[in-house]
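Architecture at a glance
The chain contents come next:
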Amino acid sequence: MFRSHTCGELRKSDVSKEVILAGWVQTVRKFGAITFIDLRDRYGITQLVFNEDLNPLLDQNPLGREFVLQATGFVIERSNKNLTIPTGEIEMDVRSFKILNKSAVPPFTIQDDTDGGDDLRMKYRYLDLRRNAVKKNLELRYSVNRSARNYLHEQGFMDIETPFLIKSTPEGARDFVVPSRMNGGQFYALPQSPQTFKQLLMVSGYDRYYQIVKCFRDEDLRADRQPEFTQIDCEMSFVEQEDILNMFEKLIKRIFKDVKNIDYTDAVERTTWEDAMWTFGNDKPDIRFGMKICTLKKPISVYLNKHDHAALINEAGFPVFDGAETVLAVAVPGGAAFTRKQLDELTEWVKRPQIGMKGLAYIRYNEDGSLKSSIDKFYNEDRLKLIASAVEAKQGDIILVLAGAEERTRKAMSELRLEMGEQLGLRKKDEFKLLWVLDFPLFEYAEEENRWVARHHPFTSPKPSQIQTMIENDPKISDAANYLSHPYAQIQANAYDMVLNGNEIGGGSIRIFQRALQEKMFEALGMTQEEALHKFGFLLGAFEYGAPPHGGIAFGFDRLCSILGGSESIRDFIAFPKNNSGRDVMLDAPSTIDDSQLKELSIQLQKSN
Ligand code: ASP
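First, a word on what this report is: a plain description of the structure on this page. On a predicted model such as this, the values are computed, not experimentally measured, just so you know. (Residues numbered from 1 in each chain as written. Predicted model: local features only at pLDDT ≥ 70, side-chain atom pairs only at ≥ 80, totals over all residues. Heavy atoms only, no water.)

**What about the site of the ligand?**
To keep it simple, the criterion reads: Each residue is tested against the molecule or strand, and it is near if at least one of its non-hydrogen atoms lies within 4 Å. Pairing of N or O atoms within 3.5 Å defines a polar contact, subject to two protein rules: one partner must be a possible hydrogen donor and the other a possible acceptor, and residues neighboring in sequence count only if both atoms are side-chain atoms. Only the protein chains shown count as covering a residue, and every accessible area follows the Shrake-Rupley method with a 1.4 Å probe.
Taken together, 13 residues lie around the ligand, and Gln195, Lys198, Gln231, His457 and Arg511 are the ones closest in. The separation between an oxygen atom of the ligand and a polar side-chain atom of Lys198 is 2.6 Å. Note that an oxygen atom of the ligand is positioned 2.9 Å from one of the side-chain N or O atoms of His457. Computed on the free molecule, the ligand has an accessible area of 280 Å², of which 89% lies beneath the protein chains in the complex.

**What to know about the packing of aromatic side chains**
What counts, and what does not: Aromatic pairs are defined between Phe, Tyr and Trp rings, using the six-membered ring for Trp, whenever the two ring centres lie within 6.5 Å; interplanar angles under 30 degrees are classed as stacked, those over 60 as edge-to-face, and all others as tilted. The numbering of helices and of strands both runs from the N terminus, where a helix is a DSSP run of H or I of at least 4 residues and a strand a run of E of at least 2. Any residue under 20% of the maximum accessible area for its type is buried, any over 50% is exposed, and the rest in between are partly exposed; the area is computed with a 1.4 Å probe on protein chains only. Throughout this description, the term charge over a ring refers to an Arg CZ or Lys NZ atom that lies within 6 Å of the ring centre and within 35 degrees of the ring normal.
As enumerated under the stated definition, the model contains 22 aromatic pairs in all. Measuring from ring centre to ring centre gives 6.3 Å for Trp452 and Tyr488, while their planes differ by 35°; the resulting arrangement is tilted. On the criterion of sequence distance, the pair formed by Trp452 in strand E19 (residues 451-454) and Tyr488 in the loop between helix H13 (467-472) and strand E20 (495-500) is long-range, its members being 36 residues apart. Both rings, one in Phe459 and one in Phe536, keep their centres 5.4 Å apart while their planes meet at 80°; by these two values the pair is edge-to-face. Here Phe459 is found in the loop between E19 and H13, whereas its partner Phe536 is found in helix H15 (residues 529-542), with 77 residues between them in sequence. We note that Phe459, like Phe536, is buried. Site record: aromatic cluster; members linked through ring pairs are Phe443, Tyr445, Trp452, Tyr483 and Tyr488. Taking NZ or CZ as reference, Arg410 lies 4.6 Å from the ring centre of Trp278, over its face. When the ring centre of Phe289 is taken as origin, the NZ or CZ atom of Arg417, which lies over that ring, is 4.0 Å away.

**Observations concerning a negative patch on the surface**
Rule in force here: The patches reported here contain residues having more than 30% relative accessible area and no salt bridge. Joining distances are 9 Å for like charges and 5 Å for nonpolar side chains (Val, Leu, Ile, Met, Phe, Trp, Tyr). Whenever a carboxyl oxygen of Asp or Glu lies within 4 Å of a side-chain nitrogen of Lys or Arg, that contact is scored as a salt bridge. The charge count treats Lys and Arg as positive and Asp and Glu as negative. His and the chain ends do not count. Taken as the charge centre is NZ of Lys, CZ of Arg, CG of Asp or CD of Glu, depending on the residue.
Residues Glu367, Asp368, Glu381 and Asp382 make up a contiguous surface patch of negative charge. Checked against the element boundaries, Asp368 lands in the loop between strand E14 (361-365) and strand E15 (371-373).

**Topic: the pattern of salt bridges**
Any two side chains of opposite charge can pair if their charged atoms end up close together. For the coordinates displayed, the defined rule picks out 42 salt bridges. Two residues, Arg121 and Asp128, come together in a salt bridge whose shortest N-O distance is 2.9 Å. Residue class for Arg121 comes out buried when judged on its relative accessible area of 15%. For Asp128, a relative accessible area of 0% gives the class buried. Put simply, Glu228 and Lys578 hold a salt bridge, and the shortest N to O gap is 2.9 Å. Placement of Glu228 in strand E10 (residues 228-237) and of Lys578 in the loop between helix H16 (557-564) and helix H17 (595-600) is noted, with a sequence separation of 350 residues between them. Taking relative accessible area as the criterion, Lys578 reaches 16% and is therefore assigned buried. Several salt bridges converge on common partners, so that one network encompasses Asp118, Arg121, Arg125, Asp128 and Arg131.

**What to know about the packing of helix H4 (residues 132-154) against H16**
Operational definition: The convention used is that axes are lines fitted to C-alpha atoms, helices contributing only their stretch in contact, and that angles between N-to-C directions extend from 0 to 180 degrees. For classification purposes, an angle smaller than 35 degrees is called roughly parallel, one larger than 145 roughly antiparallel, one from 65 to 115 roughly perpendicular, and anything else oblique. Crossing handedness follows the turn of the near helix against the far one: under a right angle anticlockwise gives a left-handed crossing, and clockwise gives a right-handed one. What makes two residues a contact is simply this: any of their non-hydrogen atoms within 4.5 Å. Here the term charged refers only to Asp, Glu, Lys and Arg, the term nonpolar to Ala, Val, Leu, Ile, Met, Phe, Trp, Tyr, Cys and Pro, and the term polar to all other amino acids, Gly among them.
Viewed as axis vectors pointing N to C, H4 and H16 meet at an angle of 120°, and their least axial separation amounts to 10 Å. Relative to H16, H4 is oriented oblique. Taken as a pair, H4 and H16 cross one another with a handedness that is right-handed. Where H4 approaches H16, its residues Leu140, Arg141, Val144 and Asn145 are matched on the opposing element by Phe557, Asp558, Leu560, Cys561 and Leu564. Class assignment for the residues of the contact of H4 with H16 results in six nonpolar, one polar and two charged.

**Here we look at helix H6 (residues 241-260)**
One turn of the α-helix equals 3.6 residues, which is why residues spaced by three or four share an orientation. Let me state the cut-off plainly: One less than the number of residues in a helix, times 1.5 Å, gives the span that helix is expected to have.
Given a rise of 1.5 Å per residue, 20 residues ought to cover 28 Å, and the 28 Å separating the end C-alpha atoms of H6 matches this to within 8%. For H6, every residue scored as buried is listed here: Gln241, Ile244, Leu245, Met247, Phe248, Glu249, Leu251, Ile252, Lys253, Ile255, Phe256 and Val259. Directly after H6, the chain includes Asn261, whose backbone phi takes a positive value near 55°.

As structure tokens, then:
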């Protein structure tokens, strides 16, 4: 027997039992003739005591950090208890021990606060994974996985695997491609998601499908992206949008309960895409705090149609506002007390290249009801009052105002709102707020190519009431400058995103399930009939054989775990992640391959000079 107990198991009630433990040496401490060792395994840490009679043996077999050790002895009560760990009331009085394996000195300490930098930890990820902090993240990931599986199983969903070697049909991100040896000169692609397969499974009558599955996208990486990532991927037949929203907000609430013991009893709030853009400046708003954005001026051509306060801000002779396409404002609670220095810092913040604004105007709404602003010269107190009331500012607030080009200003204001939320401590890690974002536009205009692209993906259906508009109109954009006046610009998708604390954690749609409409969609995206057949002939064919109405959703599993774990980075929740350049620094991948391998694959590399 290697061990009778784990290192996290023994308690006071075990005192005087003879036990065998096995694990890794966390620390070795010598006090005179007595040696203490913390022995660690996945389950915890137990203190071992080597009394002086074992000294000769210890001298012959010195122990070091991360040695693998088996020890036999008796459980005794500790005189000096450590109540911060579950085994802290006992220790093992070691009678004999055996070194099962030695260890080189690890390149960093295997502790919560390690001295290892990111690169080092990734290179020795197998050691990093021994650290409690990392282990906790993987445990959380597993409990999210189990919770999702339990719920989906109870709801009749079936886990069905779909292939990884598929056909390249890039749309959105780039595909990772895999050369085929048996079909020289031809390539598979790794799936960006199992989208078409799950739809085919609906055509096949499987009714409720799910998979916790790897997806592959060859994108430029940001800190929170990985080239391979995991989705909780789901699809259902005979459903409308409402059925999906119901089914999957319950999934997330169940995960909250199982993983965090949170009873999320509130109904999940909903917003339209348009309202989200207006009031928060982006389509994944953090609604843990208010501070809604007020549009004081908007461009005539803007796609968004509401919330016009133009009369309050125009024609005051202030060139910055008069000349700007958009003027946006937000009231920051308690901000009237901001010092000059704070405001200067905020101004510098909005001028940073990432934010890209020329400056920041402000209106202090003082506690005594008076208003004082950086634009006093142009706006008298009455007009400032009107602005304050449009922004729903209260006495004691400060109103921050940005002006500039529509898209950039909206983005900047959205960032400024989040920054203020952060500074005021309104974005609490332990508070979770879900939101459905609905009614997205079906299409987005790609300026460089002068064509429509699918906002979600090409399988998303328009709202039933807008199918006719889509079918009857020619998708071609004849007047690029006025693309917004094209009927396609107004078509809304039967699509939905789930947002958690300002992060998009899931998205999906009700799908097109008729061949003619799917063909029209491909046409709208600028594909010729031949192209559509070449890329998606299998799907168009399947739609000829009794495809049921269906829809689905996919959740970003890594991101969901990182938010529940209170971390910014999804890497912390992936056992073997890639770095920001998409490299696995432990494996040193990607790497070159042998000439013989290349030859077998019929691949010739271009000479780089
Ligand atoms: N396949 C989609 C995605 O990966 C999700 C869905 O529509 O179900 O974004």
